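Descriptive analysis of the structure
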Amino acid sequence: MSITKSKRKQANGLIRGVKILAFGLMLAVMGFIGLMWFLRPDTSVIEKRTLTEFPSITWSSFWDGSFFKAVDTWYADTYPLREGLISGSQSLENHYGLRSDQIVGEALVADDIPDPDAAGEEVQAAEPEEVLPDGTVTEIGEMQGQIYITNNCGYGLYYFTQSPADKFAATMNQIYANVKDKVNLYVMICPISAGVMLDQAVLDDMGCSSEKDAIDYIYGKMDPGIHTVSAFDNLKKHNAEYIYFHTDHHWTALGAYYAYQAFCQEKGIEAHNIADYETMEFPGFLGTFCSSSNNSPALQSNPDTVVAYIPKGTNAMTMHYTNGSVVDWFIVNDVSGYAKSELYATFVGGDRPFSYAHNPAITDGSAVMVIKDSYGNTFIPWLVDHYEYIYWVDARYTSNTISQMVRDYNVQDVIYEVQIYNSSTDNMLGKYAAIGQ
């Protein structure tokens, strides 16, 4: 072996040793930081949610291993550097032009979504409907961070995947089999803004799936005894109105109102006139799309105004925190002193494991249970004036079940309110199934 090759081999070995040492030091530092209990966050500013709490230990959870699994989840969810790591990941995605909220797997574009009624029956002619202004967005935009931005508004994008869609429908069917003798089961899949607001050519340019076709497909797989709430068409009809926030992934209270109208139609009741409600307004809202787009100047210059409609029968509610504390609160709360990124918290106190309200203006004993994600926060206030008792649980944080609620509160109606992404994740499917016992 020549002297040159020998030196090169020694140099390569030294470099490998330095890399191994650096990697080991990095792991040691990260592990040391992870042990700093006092640095662990309670909430995520970027994700706008309460983080996992340290689990309580019981003999059963210790012996079956669930306690240690819960500790693993807590450790990862509350790691002291998590916000910086998430921001760094978003910056990297922005640099490489990665798309957000993409469901991977057996992805299908709009034309490939199967028709569950392929054998189908002849389509009946529909009654003519009122023609409203068309607010469809036709301008081609661009990805900034994880968000698609056009015309100074942000949009998440949806990509259909058949396997989890089938699993979601099967989960709802099993829940219906469990509860059909006890309650009326409603399922409402909530579309996100892109499918309602963007022109088909814009969606095609991004390779997105049709949210309407996806929702129709999932509903077509469900038991006919399930009441499926088709909110998409009513939202699409009103897309010239302010039904989705520009800087946030949620629909507005007005958007939720049009979904509520669709629920009332399915239930066979009359929706209340929106003009009869008092409102509270909170300008300057900068929502989740801002942080997810690396604080896009286009969104920063186009803040939202949160408009909340106060229920007529009562504005009082009670909510349970994950730590077990119970607080009296307001269905629509004055958040004028909150940070501009937190104004969506005006609705039902945010995302809590369990909350309820009693409307003294109704005395028929009617009770509804809403199993929700954050889209349900703007939907629930519209239900208050139709039931004497309104209970709601956040599927991500609750341990309540339908059978428990029926037993304890005489619930007659159960509504699974599901944002379209949450109909396609195994984690959420497991939570929905657990509640459906």
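Summarised in this report is the structure supplied together with it.

Rules used throughout
- Residues numbered from 1 in each chain as written.
- Predicted model: local features only at pLDDT ≥ 70, side-chain atom pairs only at ≥ 80, totals over all residues.
- Heavy atoms only, no water.
- Helix = DSSP H or I, 4+ residues; strand = E, 2+ residues; numbered from the N terminus.
- Buried < 20%, exposed > 50% of the residue type's maximum accessible area, 1.4 Å probe, protein only.
- Contact = heavy atoms within 4.5 Å.
- Areas by Shrake-Rupley, 256 points an atom, 1.4 Å probe, with all protein chains shown as cover.
- Expected span 1.5 Å × (residues − 1).
- Arc of directions from axis to C-beta.
- Core = buried A, V, L, I, M, F, W, Y, C linked by side-chain atoms within 4.5 Å.
- Axes fitted to C-alpha atoms, helices over the stretch in contact; angles between N-to-C directions.
- Parallel < 35°, antiparallel > 145°, perpendicular 65-115°, else oblique.
- Left-handed = near helix turned anticlockwise from the far one by under 90°.
- Pairing = 2+ DSSP bridges.
- Polar contact = N/O pair within 3.5 Å; in protein donor to acceptor, adjacent residues only side chain to side chain.
- Right-handed = clockwise from strand over helix to strand, strands pointing away.
- Salt bridge = Lys/Arg side-chain N within 4 Å of Asp/Glu carboxyl O.

Turning to the overall build of the protein chain, a few remarks are in order. Scanning the protein chain from N- to C-terminus turns up 15 helices and 17 strands. Each of the 437 residues in the protein chain was classed as buried or not, and the buried ones make up 46%. Across the protein chain, the fraction of contacts at a sequence separation of at least 24, relative to all contacts at a separation of at least 6, is 75%. For the protein chain, the exposed area adds up to about 21,300 Å²; of that, 54% sits on carbon and sulfur atoms.

The end-to-end C-alpha separation of helix H5 (residues 162–179) is 26 Å, in line with the 26 Å expected for 18 residues at 1.5 Å each. Taken residue by residue, H5 has Pro-164, Ala-165, Phe-168, Ala-169, Thr-171, Met-172, Ile-175, Tyr-176 and Val-179 as its buried positions. Down the axis of H5, the smallest arc covering the buried residues is 155°, so these residues share one side. For H5, the elements touching its buried residues are strand S7 (160–161), strand S8 (184–190), helix H8 (211–220), helix H14 (402–409), strand S17 (413–419) and helix H15 (426–435).

We now examine the nonpolar core. If you look at the biggest cluster of nonpolar residues, it comprises 106 residues, and the most contacted ones within it are Phe-168, Ile-371, Ile-402 and Tyr-416. Of the residues forming this core, the biggest block, 10 residues, is contributed by helix H10 (residues 253–267). Residues within four places of Ile-371 in sequence aside, it is in contact with Val-393, Ala-395, Ile-402, Val-414, Ile-415, Tyr-416, Glu-417, Tyr-432 and Ile-435. Residues Ile-147, Ile-149, Cys-290 and Ala-298 belong to the second largest nonpolar core, which totals six residues.

Below, the discussion takes up unusual backbone geometry. Note: most residues except glycine have negative phi, and most peptide bonds are trans. A positive phi angle, near 65°, is found at Asn-152, a position not held by glycine. You can see Asn-152 is positioned in the loop between strand S5 (147–150) and strand S6 (153–155). Residue classification places Asn-152 among the partly exposed residues on the basis of a relative accessible area of 40%.

It is worth spelling out the packing of H10 against helix H13 (residues 376–383) at this point. Between H10 and H13, whose axes approach to 8 Å, the crossing angle comes to 55°. If you check the angle between H10 and H13, you find them oblique. Between H10 and H13 lies a crossing whose hand is right-handed. Note on element contacts: H13 touches H10 through Thr-378, Phe-379, Trp-382 and Leu-383, opposite Ala-253, Ala-256, Tyr-257, Ala-259, Tyr-260 and Phe-263.

Here the focus is the sheet that holds S6. Within the open sheet, the three strands sit side by side as S4-S5-S6. Their pairing is antiparallel. Edge positions in the sheet fall to strand S4 (142–144) and S6, since each of these pairs with one other strand and no more. For this sheet the average axis-to-axis angle between neighbouring strands, irrespective of direction, equals 45°.

The residue Thr-378 is located in helix H13 in this model. Overall, the relative accessible area of 0% leaves Thr-378 in the buried class. At 3.2 Å, the side chain of Thr-378 forms a polar contact with the backbone oxygen of Tyr-375. Setting aside residues no more than four positions away along its own chain, Thr-378 makes contact with Trp-251, Thr-252, Ala-253, Ala-256, Tyr-344 and Phe-347.

What follows is about the pairing of strand S15 (residues 367–372). Across the six residues that make up S15, a large majority, six, are buried. Residues Ala-367, Met-369 and Ile-371 line one face of S15 and the alternating positions Val-368, Val-370 and Lys-372 line the opposite face, and both faces are buried. The pairing of S15 with strand S16 (residues 389–394) spans six bridges and is classified as parallel. Each bridged residue has a counterpart across the sheet, and for Ala-367 the counterpart in S16 is Tyr-389. Regarding topology, H13 serves as the crossover connection from S15 to the parallel S16, and that connection is right-handed. Judged from the four bridges that link them, S15 and S17 form a sheet pairing that is parallel. Bridging across to S17, Val-370 finds its partner in Ile-415.

Sheet topology note: the strand S12 (residues 316–320)/strand S13 (residues 326–330) ladder contains five bridges and is antiparallel. Residue Met-317 lies in a different strand from S13, and its bridge partner there is Trp-329. Hairpin connection between S12 and S13: a loop of five residues separates the two successive antiparallel strands, and Gly-324 in this loop has a positive phi of roughly 95°.

Glancing now at the pattern of salt bridges. Considering all chains together, one arrives at nine salt bridges under this definition. Across the salt bridge formed by Asp-351 and Lys-372, the nearest N and O atoms sit 2.9 Å from each other. With a gap of 21 residues between them, Asp-351 in the loop between S13 and strand S14 (354–358) and Lys-372 in strand S15 connect regions that are remote in the sequence. With relative accessibility at 18%, the residue Asp-351 sits in the buried group.

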